[in-house]
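# A structural walkthrough
Here is how the chains run, residue by residue.
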Amino acid sequence: MYFSSIRLRLTLWLSLTLAVILTASGFFWLTYLEKTLFTHADERSRLIAEDILSFHNYYHTATQIQPSCANLRDFIQSHTWGAYVQILDDRGEISCTSANLGTNRLPLDKAALLHASRGEPHYASIEQEEGRALRVLTYPILEQGRIFEIVQIGEPLAEIEETVDHFREVMLMWSPLVILGISLAGWFLAGRTLAPIASMNRSMHQITVENLGERLPVSDSDDELNQLAGTFNNMLARLSDSVGRIKHFTADASHELRTPLAILKGETEVALRWAKGPEELRATLVSNLEEIDRMGHIIEDLLSLAKSEAGELYLKITEFSLSDLLQDLYLIGNHIAEAKTIAVQLHLNVEGEIRIRADQLQIHRMLLNLVTNAIKYTPAGGRVSLSLAVKNDLAFVAIADSGYGIAAQHLPHIFERFYRIDEARNREAGGAGLGLAIVKSIAVVHGGDVSVTSEPGVGSTFTVRLPLSGPPPRTKKA
Ligand code: ADP
């Protein structure tokens, strides 16, 4: 059994707790029983003493003389239920005893006498010979503040002791049996409760990266084990998703790097075999350098994406003018667009200069990606516009073009890595499908976002939203 230790521990804890509870409660009930029986016995003795006193008074009132010992014995015989009675006179001499005392006498010690002299009843437990115990009540009867008589009632404690002993024996005999029985039941229940964990454990052992699609069985009930299985299944789903994306990404990345490598290799081989002179070799080297640059860019982009996903993209936050940055981008855009005769415009829909707390280089890189894309995917003679608006501590930078546009089915995917819409056109344009993924990661790491609206044949608008006060503390690093 896999979980024998937990099972054993649970059972041991249960047995131990039960043993402590049974011992404590047994002790309590035993003491309580003993105390109650004693109280009852004392109460009975007091009632007997009071009965004798009443009889005394009644007899005296009726006959004007004190009752004789014979009168008292008759009364005692029919009223005292087996208790021993001894009556002493004002000198402490025994004047009468119940018949059941025979030649025995009830002891009268100093403590009892002292209490009696104060008019207080006194109880004492007395050990007799042969280990038999007696509970003796010494009850004074006063007349004008002086002791007139002392009534002593003796109750044998054998019955009480027997009852308590019997109770103790029953406790001692049954408690271990109860503990054993409940421990066995606990052992059985713990086994049943832990069984699903064992089966879960077996299923978990069989799950590897290869079969992340497998799930643990979950039943209808909403108990803790099912919740655990549910949580584990959710974790598997997330892992499977991440592993899938990593696999996809690795495949795309290697494919992307293989193409320029193949071109490099091919061109180099051709040059080595067929080049006629240094001029041709030089031309090959120049072309090779372009491919190397291309690979370098792809690797750099991949690295920066990987860093930002791992939370290691350290932002160098400073306060700078977003208006100036857009001015710069406008000039760069104009420069790039010149060759394609595309008109670039800048609309600053804000009053005064807008300053922002962000990583200036990253923001520049992000917006430049959008501007170059806009120019890249707009045919000659088109239009590209940069605009800035501010609302509630948020800056909205929009880059709109009158280019090819993007069909609706592609829109949800264009921010994914290596996602390209038109392979042929893109290869010619030189993109690897990483630009928009980088734009999104930079916007997100700054606590902002990027969105797009587009209509094929009309144009596209990319809008970046950035908090002017900088990224939230969690993403603000270094
Ligand atoms: P690439 O390096 O291929 O440009 P991006 O990630 O920057 O990669 O863009 C992904 C795809 O989105 C591009 O292949 C392109 O088809 C499309 N795209 C990006 N920007 C625009 C735009 N302004 N107009 C039309 N299509 C665009």
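Keep in mind the model is a prediction, meaning the values are calculated, not measured. Here, residues in each chain are numbered from 1, in the same order as that chain's written sequence. Owing to the predicted nature of the model, reporting of local features is limited to residues with pLDDT of at least 70; listing and counting of side-chain atom pairs is limited to 80 or more, with chain, interface and lining totals taken over all residues. Note that the side-chain values use all heavy atoms of the structure and ignore hydrogens as well as water.

### Thoughts on the packing of aromatic side chains
Between two aromatic rings, the relevant description is the distance of the centres plus the angle of the planes. Under the convention used in this document: Within 6.5 Å between ring centres, the rings of Phe, Tyr and Trp (the latter by its six-membered ring) count as paired, and their orientation is classed by plane angle as stacked under 30 degrees, edge-to-face over 60, tilted in between. Helix and strand assignments follow DSSP, with helices taken as H or I runs no shorter than four residues and strands as E runs no shorter than two, numbered in order from the N terminus. Accessible area is worked out with a 1.4 Å probe on protein chains only. A residue is then buried under 20% of its type maximum, exposed over 50%, and partly exposed in between.
Under the definition given, this model contains 6 aromatic pairs. Seen in terms of ring centroids, tryptophan 29 and tyrosine 32 are 5.7 Å apart; in terms of plane orientation they differ by 85°. Their pairing is edge-to-face. A residue pair is termed a helical-turn pair when its members lie 3 or 4 positions apart in one helix, as tryptophan 29 and tyrosine 32 do in helix α1 (residues 4–63) at 3 residues. According to the relative accessible area criterion, tryptophan 29 is partly exposed, its value standing at 44%. Ring plane angle 80° and centroid distance 6.2 Å describe the contact between phenylalanine 415 and phenylalanine 462, whose orientation is recorded as edge-to-face.

### Notes on helix α8 (residues 360–376)
Helical geometry: 3.6 residues make up each α-helical turn, so side chains three or four residues apart lie on a common side. The line we're drawing: What a helix is expected to span follows from its residue count: subtract one and scale by 1.5 Å. Whenever two N or O atoms come within 3.5 Å, that pair is a polar contact, provided that in protein one can donate a hydrogen and the other can accept it, and provided that, for residues adjacent in sequence, both atoms are side-chain atoms.
Look at α8: 24 Å from first C-alpha to last across 17 residues, which is about the 24 Å you get at 1.5 Å a residue. Its side-chain oxygen placed 3.2 Å from the backbone nitrogen of leucine 361, aspartate 359 serves as the N-cap of α8.

### Topic: the state of the cysteines
Worth spelling out the cut-off: We call a pair of cysteine sulfur atoms a disulfide whenever their separation is within 2.5 Å.
All chains considered together, the criterion is met by 1 disulfide. Each sulfur in the disulfide pair cysteine 69 and cysteine 96 lies 2.0 Å from the other. On the sign convention where negative means left-handed, the S-S torsion of about 80° between cysteine 69 and cysteine 96 marks this disulfide as right-handed. Here the residue cysteine 69 occupies a position in helix α2 (residues 69–79), and cysteine 96 occupies one in strand β2 (residues 94–97), the gap between them amounting to 27 residues. Residue cysteine 69 is classed as partly exposed on the basis of its relative accessible area, which comes to 27%. On the basis of relative accessibility, which here comes to 4%, the residue cysteine 96 falls in the buried class.

### A few points about the packing of helix α7 (residues 322–337) against α8
Rules: An axis is simply a line fitted to the C-alpha atoms; with a helix, the fit covers only the stretch in contact. Between two such axes, the angle follows the N-to-C directions and lies from 0 to 180 degrees. Should the near helix be turned anticlockwise from the far one by less than a right angle, the crossing is termed left-handed; should it be turned clockwise, right-handed. Contacts are assigned to residue pairs with any non-hydrogen atoms lying within 4.5 Å of each other. Note on residue categories: nonpolar means Ala, Val, Leu, Ile, Met, Phe, Trp, Tyr, Cys or Pro, charged means Asp, Glu, Lys or Arg, and polar means any other residue, Gly included.
Viewed as axis vectors pointing N to C, α7 and α8 meet at an angle of 35°, and their least axial separation amounts to 10 Å. The two elements α7 and α8 meet at a crossing, and its hand is right-handed. In this structure, α7 uses Leu322, Leu325, Leu326, Leu329, Ile332, Gly333, Ile336 and Ala337 to contact α8, whose residues at the interface are Gln360, Ile363, His364, Leu367, Leu368, Val371, Thr372 and Ile375. Across the contact of α7 with α8, the residue classes tally to 12 nonpolar, 4 polar and no charged.

### What to know about the pattern of salt bridges
Definition in use: Each salt bridge in this description consists of a side-chain nitrogen of Lys or Arg and a carboxyl oxygen of Asp or Glu lying within 4 Å of one another.
Counted by the stated rule, this structure contains 11 salt bridges. Its salt-bridge partner being arginine 91, residue aspartate 89 comes within 3.4 Å of it at the nearest N-O pair. A relative accessible area of 17% places aspartate 89 in the buried class. Judged by its relative accessible area of 64%, arginine 91 falls in the exposed class. Put simply, aspartate 301 and arginine 365 hold a salt bridge, and the shortest N to O gap is 2.9 Å. Of this pair, aspartate 301 sits in helix α6 (residues 278–309) while arginine 365 sits in helix α8, and the two are 64 residues apart along the sequence.

### Focus on the sheet that holds strand β5 (residues 146–156)
Going by this rule: For two strands to be treated as a pair, DSSP must find at least two bridges joining them.
Reading across the sheet, the 5 strands line up as β2-β1-β5-β4-β3 and stay open at both edges, with antiparallel pairing between neighbours. Every interior strand has two partners, whereas the edge strands, β2 and β3 (122–127), have only one. The average undirected angle you get between the axes of adjacent strands in this sheet is 20°. With 3 bridges connecting them, strand β1 (residues 84–89) and β2 associate as antiparallel partners. For leucine 88, the partnering residue across the bridge sits in β2 and is isoleucine 94.

### A few points about the environment of glutamate 43
Relative to the elements of secondary structure, glutamate 43 occurs in helix α1. Look at glutamate 43 and you get partly exposed, because its relative accessible area is 37%. Separated by 94 residues in the primary sequence, glutamate 43 and leucine 137 place their C-alpha atoms 9.9 Å from one another.

### Considering the pairing of strand β10 (residues 394–401)
Side-chain direction in a regular strand flips from residue to residue, so the side chains alternate between the two faces of the sheet. Inspection of the sheet shows strand β9 (residues 383–391) paired to β10 by 8 bridges, in the antiparallel sense. Bridge pairing in β10 links serine 387 to alanine 398. Between β9 and β10, which pair antiparallel in sequence order, lie 2 residues; one of them, asparagine 392, sits at a positive phi of approximately 50°. Note: β10 against strand β12 (residues 459–467), 7 bridges, orientation antiparallel. Following the sheet pairing, alanine 398 is matched in β12 by threonine 463.

### Re α6
Here α6 contains 32 residues, and its C-alpha end-to-end distance of 46 Å stays within 8% of the 46 Å for a straight helix at 1.5 Å per residue. When we look at burial in α6, the residues that qualify are Thr284, Asn288, Glu291, Arg294, Met295, Ile298, Asp301, Leu302, Ser304, Leu305 and Ser308. Positive phi shows up at glycine 311, right after α6, with a value of about 75°.

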